[in-house]
Amino acid sequence: MTDEYTIRALSRRRFLTAAGVLTAGALALAACGGTDDAGTGGTATDGAGGAAKAAGTLTFGVASISDYLNPLSTTSSRVHWITDPVVESLYTYDASLNSVPLLADGEPEISSDGLTWTIKLKQGVTFHNGDPFTADHVVETLTFVTDPKSTSDWTAYFVGYVKKVTAPDEHTVKITLTTPFGVLRSHLTNLPIVHKDYVSKTGTTMGTGPFTMDKVTQGQQVTLTANDAYHGTKPELRGVVFQAVPDPATRLVNLREGKIQIMTGVSPESVGLLKQDDKIRIHQVAAPSDIVTYFNAAKAPFDDVKVRQALGHAMDRKGVRDVVYAGTATIAQGPIGPATEGHDPSLQIYAEGPDPEKAKALLAEAGVSSLDFTLMITSDPVMKNIGQVLVEGWKQAGINCTLEVLDIGPWVKNWASGQYQMAMTGFESGFGSGRTAFTLLGQMSSRNPLNFGYKNAEVDKLLGEAWATTDEGARAEACKKIDKLLADDAILLPPVYPQMIVAQRTDLSDIDEKLMGVSRVPLPPMRFV
């Protein structure tokens, strides 16, 4: 079954709001590319350095801090890196990225028809204000994210699939579905469960996690404090400070001076320099942070698969890897990257560099003597650099591309209304979809309101199978087939698969790179060494 239930529940405008993960992804890539220093919060204070370290407080340097610190509002890493130590989910990831119970007390009981999931909850857990963790908090959280009127990014993961959520007793939650929805397990592994009084708050949150949210200086700094009443293993760190340091060069200096201990948004060209510093450790991990392209296949010239394939063969993937990502990315083929279920490392359709002759031959077969088109990209530096490399590569095949550079708001508006020929942005899905391709592939359904002209009955069928099954192996196999079909049809053409790059000081225990594979930078059980 396809995602027709979701599409019935969501108008294009509603779906756009729910798909805010794209906006988050673009912001994440903008942060990686660097922004102007905003002045306030531009450098870490002395209190975030040696004195804080001595007190067992870690300082985490980030490009920006959102004014919205409710993890139910967004799936963006810049929010979830801060709130993940504060809130917990029903299930979590083990060391092998398998889903295991956390706030749930064991595996869900799934009815024979797949339409009812009954979940027992762990007892003896309390929220940070001392309130007991009970089913009503789970019901409120799920009711919020399954409401089509909600402004939550999470709505796209649940609405139309979840019919109702009830609490048969204080420690049991029953989820009734409209259709079998096996990927729900992944969603429940990622969805934070917050205190029922905080589901719609914006600037703060409350959960059951190992840290409490202590102090928020809007847009500049967030301080977390260890939760001594935590139901699990107590954190060794006594506190965590998230410090906004917008300029990546300043962030790098602060890391090397010990004013911060962890740095995200490491620019690829800085990796070599940091590797030479014996006080710094670099982590480069494949994570679900992708570059995605969209064609308006409802209109010429991209209604012709051969024209799209011509662009695919003339794409300078090697140039993007080497020039924009300083060799840290890997060459892409299908839309599914190495951190996502369904990735096929053996897939080889396109060369690393442009193949002008192949592109020209395909255009000739399509009856196109010359090709001029516009590529709509977001205005962050990384996207602009990618666009410029691609433009030069396409020129080798006689293809003329004009870049339309838009701020994220106008970009999203045009994308949602189909006012583009080809569009490109960053796509961040780890905090929402985990390792699944749920959000990455959703638009490829012919029933999706953001699908402009692409129709493939086999893709529709496989998407339905992928989201219905509870068998992760079967889902991965279905997505692998979809990946090849989309690559063959040249409808999603990422030039490369970027890596997640995080730097840390060596006087801190190592970041768990496996969990980085689902975009996490886990703070517990980190400690100073």
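The preceding data block contains the structure.
Residues numbered from 1 in each chain as written. Predicted model: local features only at pLDDT ≥ 70, side-chain atom pairs only at ≥ 80, totals over all residues. Heavy atoms only, no water.

Turning our attention to the overall build of the chain. A count of helices and strands for the chain gives 20 helices and 19 strands. Across the 529 residues that make up the chain, the buried fraction comes to 60%. The long-range fraction of contacts in the chain, counting pairs at least 24 apart against all pairs at least 6 apart in sequence, stands at 75%. Looking at the chain as shown, the accessible area adds up to about 19400 Å², and 48% of this sits on carbon and sulfur atoms. (Helix = DSSP H or I, 4+ residues; strand = E, 2+ residues; numbered from the N terminus. Buried < 20%, exposed > 50% of the residue type's maximum accessible area, 1.4 Å probe, protein only. Contact = heavy atoms within 4.5 Å. Areas by Shrake-Rupley, 256 points an atom, 1.4 Å probe, with all protein chains shown as cover.)

Reading across the sheet, the four strands line up as S4-S5-S7-S6 and stay open at both edges, with antiparallel pairing between neighbours. Each edge of the sheet is formed by a strand with only one pairing partner; in this case those strands are strand S4 (109-110) and strand S6 (162-169). Sheet topology note: the S4/strand S5 (residues 116-120) ladder contains two bridges and is antiparallel. Directly across from Ile110, in S5, lies its bridge partner Trp117. Packing of helix H6 (residues 135-145) onto the sheet brings it into contact with S6 and strand S7 (172-177), and relative to S6 it is tilted by some 170 degrees. (Pairing = 2+ DSSP bridges. Axes fitted to C-alpha atoms, helices over the stretch in contact; angles between N-to-C directions.)

On to the packing of aromatic side chains, then. Across all of its chains, the model carries 15 aromatic pairs by this definition. For the pair Trp154 and Tyr157, a centre-to-centre distance of 5.4 Å together with 45 degrees between the ring planes defines the contact as tilted. Each member of the pair, Trp154 as well as Tyr157, is classed as buried. Here the aromatic residues Trp154, Tyr157, Tyr161, Phe181, Phe438 and Trp467 are joined through ring pairs into a cluster of three or more. Over the ring of Tyr91 we find Arg185; its NZ or CZ atom is 3.9 Å from the centre of that ring. One Lys or Arg, Lys201, reaches over the ring of Tyr198 and ends 5.3 Å from the middle of that ring. (Phe/Tyr/Trp six-rings, centres within 6.5 Å; stacked < 30°, edge-to-face > 60°. Lys NZ or Arg CZ within 6 Å of the ring centre and 35° of its normal.)

Moving on, we come to the packing of helix H18 (residues 457-468) against helix H19 (residues 472-488). Running from N to C, H18 and H19 cross one another at 155 degrees; their axes reach a closest spacing of 8 Å. Between H18 and H19, the angle falls in the class roughly antiparallel. In terms of crossing hand, the pair formed by H18 and H19 is left-handed. Contacts from Glu458, Val459, Leu462, Leu463, Ala466 and Trp467 of H18 reach H19 at Arg475, Ala478, Cys479, Lys481, Ile482, Leu485 and Leu486. (Parallel < 35°, antiparallel > 145°, perpendicular 65-115°, else oblique. Left-handed = near helix turned anticlockwise from the far one by under 90°.)

Now for unusual backbone geometry. Peptide bonds are, in most cases, trans, and in most cases residues other than glycine have a negative phi. The omega torsion across Ala300 and Pro301 is 10 degrees, close enough to zero to call that bond cis. Here Pro301 is to be found in the loop between strand S13 (289-295) and helix H11 (305-313). Of note, the bond from Pro524 into Pro525 is cis; its omega dihedral lies within 30 degrees of zero at 10 degrees. Topologically, Pro525 is positioned in the segment after helix H20 (513-516). The backbone phi angle of Ala490 is positive, close to 50 degrees, even though this residue is not glycine. Along the chain, Ala490 turns up in the loop between H19 and strand S18 (496-497).

Glancing now at the sheet that holds strand S17 (residues 422-428). The sheet built from four strands is open, its strands ordered S13-S17-S15-S16 with mixed pairing. Strands at the two margins of the open sheet, each flanked by one partner only, are S13 and strand S16 (399-406). Taken pair by pair, the neighbouring strands of this sheet meet at an average axis angle of 25 degrees, ignoring direction. Two strands pair when backbone bridges link them, and strand S15 (residues 371-378) and S17 are joined in this way by three bridges, in the parallel orientation. What sits directly across from Met376, in S17, is Ala423. Running at roughly 65 degrees to S15, H11 makes contact with S13, S15, S16 and S17 of the sheet.

Turning our attention to the packing of helix H12 (residues 317-324) against helix H14 (residues 381-395). With their axes 9 Å apart at the nearest point, H12 and H14 run at an angle of 140 degrees to one another. With respect to H14, the axis of H12 lies oblique. Once H12 is placed against H14, the crossing between them reads as right-handed. Residues Gly319, Val320, Val323 and Val324 of H12 pack against Val382, Asn385, Ile386, Val389 and Leu390 of H14. The residue inventory of the contact of H12 with H14, partitioned by class, reads seven nonpolar, two polar and no charged. (Nonpolar A, V, L, I, M, F, W, Y, C, P; charged D, E, K, R; others polar.)

Once that is clear, we can look at the nonpolar core. Core analysis: the largest hydrophobic core is formed by 133 residues, its most contacted members being Leu90, Ile175, Phe242, Trp394 and Trp467. Excluding anything up to four places from it in sequence, Phe242 contacts Phe60, Val62, Ile65, Trp81, Ile82, Gln220, Gln221, Val222, Leu224 and Leu523. Ile260, Met263, Val266 and Ile280 belong to the second largest nonpolar core, which has 11 residues in total. (Core = buried A, V, L, I, M, F, W, Y, C linked by side-chain atoms within 4.5 Å.)

The next point concerns the pattern of salt bridges. Per the stated rule, a full pass over the model turns up 16 salt bridges. Asp322 is paired through a salt bridge with Arg321; the nearest N and O atoms lie 2.8 Å apart. For Glu341, the salt bridge identified is with Arg475, shortest N-O distance 3.0 Å. Of this pair, Glu341 sits in the loop between strand S14 (330-331) and helix H13 (356-365) while Arg475 sits in helix H19, and the two are 134 residues apart along the sequence. One network of salt bridges, in which partners are shared, links Lys318, Arg321, Asp322 and Glu352. (Salt bridge = Lys/Arg side-chain N within 4 Å of Asp/Glu carboxyl O.)

So, about the environment of Leu440. Checked against the element boundaries, Leu440 lands in helix H17 (residues 438-441). Ignoring sequence-local partners within four residues, the contact set of Leu440 consists of Asp290, Val292, Pro335, Ile336, Phe427 and Leu492.

Each regular strand carries side chains that alternate between the two faces of the sheet. With respect to burial, strand S1 (residues 57-62) is a largely interior element, six of its six residues being buried. In S1, alternate side chains face the same way, and those of Thr57, Thr59 and Gly61 on one face and Leu58, Phe60 and Val62 on the other are all buried. Note: S1 against strand S10 (residues 239-244), six bridges, orientation parallel. By the bridge assignment, Gly61 is partnered in S10 with Gln243. Across two bridges, the pairing between S1 and strand S11 (residues 262-263) is parallel.

What follows is about H14. With 15 residues, H14 should reach 21 Å at 1.5 Å per residue; the first-to-last C-alpha distance of 21 Å fits that figure. Looking only at H14, the buried set comprises Val382, Met383, Ile386, Gly387, Val389, Leu390, Val391, Gly393 and Trp394. (Expected span 1.5 Å × (residues − 1).)

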